[in-house]
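Each chain is listed here by its residues.
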Amino acid sequence: MEELLANAEPTHQLLYTLVEMSLLGTGVLVAVLLAFHQHRNRPDRRALTSAIAERSWSTLQVGILLGSLFLLYFLAGFVGVFFYEEHHPTVQLAVTLIIYSIIAVLITLMNRKRGSSWNEGCGMGFRQTKKLLIAPVLYLALIPFLLLVSSPSEGGEEI
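Cut-off values and rules
Residues numbered from 1 in each chain as written. Predicted model: local features only at pLDDT ≥ 70, side-chain atom pairs only at ≥ 80, totals over all residues. Heavy atoms only, no water. Helix = DSSP H or I, 4+ residues; strand = E, 2+ residues; numbered from the N terminus. Rg over C-alpha atoms; globule rule 2.2 N^0.38 Å. Buried < 20%, exposed > 50% of the residue type's maximum accessible area, 1.4 Å probe, protein only. Contact = heavy atoms within 4.5 Å. Areas by Shrake-Rupley, 256 points an atom, 1.4 Å probe, with all protein chains shown as cover. Lys, Arg positive; Asp, Glu negative; His and termini not counted. Charge placed at Lys NZ, Arg CZ, Asp CG, Glu CD. Expected span 1.5 Å × (residues − 1). Bend = angle between axes of the 7 residues up to and from the residue. Axes fitted to C-alpha atoms, helices over the stretch in contact; angles between N-to-C directions. Left-handed = near helix turned anticlockwise from the far one by under 90°. Parallel < 35°, antiparallel > 145°, perpendicular 65-115°, else oblique. Nonpolar A, V, L, I, M, F, W, Y, C, P; charged D, E, K, R; others polar. Patch = residues over 30% accessible without salt bridge, like charges linked within 9 Å, V, L, I, M, F, W, Y side chains within 5 Å. Salt bridge = Lys/Arg side-chain N within 4 Å of Asp/Glu carboxyl O.

Concerning the overall build of the protein
- Across its full length, the protein holds 7 helices and 0 strands.
- Listing every helix and strand of the protein by position from the N terminus yields α-α-α-α-α-α-α.
- Here the protein has a C-alpha radius of gyration of 23 Å; the compact-globule value for 159 residues is 15 Å, and the former is much larger.
- Along the first, second and third principal axes, the C-alpha atoms of the protein reach 60 × 55 × 30 Å.
- A buried classification covers 13% of the 159 residues belonging to the protein.
- Residue pairs at least 24 apart in sequence account for 64% of intrachain contacts in the protein once pairs closer than 6 positions are excluded.
- Split by element, the accessible area of the protein, about 13200 Å² in all, is 69% carbon and sulfur.
- Within the protein, one finds 11 positive and 12 negative side-chain charges whose respective centroids are separated by 30 Å.

Right, here's the structure in full:
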């Protein structure tokens, strides 16, 4: 990123630095607030552990799902041979959509065989989707760690 900023105008460099620092500061603040909230509102770990254990899949079911995923990815590796180079991005997108659709069908079939719904099998029903609203907050809390990990070390070689 430094190479891109070296040729940029000073106002763009300042804007990038301002955005980076504001994301870093906001992320640190959110991470501290989340840690404080977690400390004050400790969950009942035993109840959560038993709920997860009740809906866990068998080793065979996990093996079938992972085996299917690896097989589908292996077969998808040969799809590019049948198309022109300029069609590869579109074909990759279509193949990815097909793979994840097949995996979703497999998960649905395994849940039905166990006698459970998506809500019971995955722990995420329609009423629980409001919990997804916390995802942007969690991402903000992760930004400082992402910046720390992605920044090149001083005096070291960039990969």
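Right, picking up where we left off after that structure.
Thoughts on helix H7 (residues 135-150)
- With 16 residues, H7 ought to run about 22 Å at 1.5 Å a step, and its terminal C-alpha atoms sit 21 Å apart, in line with that.
- Along H7, the sharpest change in direction is near 40° and occurs at Leu142; proline Pro144 comes one to four residues later.
- Where H7 is concerned, the buried positions are Ala141, Ile143 and Pro144.
- Here the buried face of H7 lies against helix H2 (10-40).

Focus on the packing of H2 against H7
- Running from N to C, H2 and H7 cross one another at 120°; their axes reach a closest spacing of 7 Å. Viewed along their axes, H2 and H7 form a crossing whose handedness is left-handed. Taking contact as the criterion, the partners of Glu20, Leu23, Leu24, Thr26, Gly27, Val28, Val30, Ala31 and Leu34 in H2 are, on H7, Val137, Leu138, Leu140, Ala141, Ile143, Pro144 and Leu147.

Notes on the packing of helix H4 (residues 59-76) against helix H5 (residues 88-114)
- Contact geometry of H4 with H5 gives a least axis separation of 10 Å together with a crossing angle of 165°. Compared by their axis directions, H4 and H5 come out roughly antiparallel. Viewed along their axes, H4 and H5 form a crossing whose handedness is right-handed. Between H4 and H5, the contacting residues are Gln61, Ile64, Leu65, Ser68, Leu69, Leu72, Tyr73 and Ala76 on the first element and Val95, Ile99, Tyr100, Ile102, Ile103, Leu106, Ile107, Met110 and Arg114 on the second.
- Here the residues of the contact of H4 with H5 sort into 14 nonpolar, 2 polar and 1 charged.

Thoughts on a nonpolar patch on the surface
- A grouping of Leu15, Leu18, Val19 and Leu23 is seen on the molecular surface, where their side chains present a nonpolar patch of about 350 Å² in accessible area.
- Looking at where Leu15 falls in the secondary structure, it is placed in helix H2.
- Here Leu15 falls in the partly exposed class, since its relative accessible area comes to 48%.

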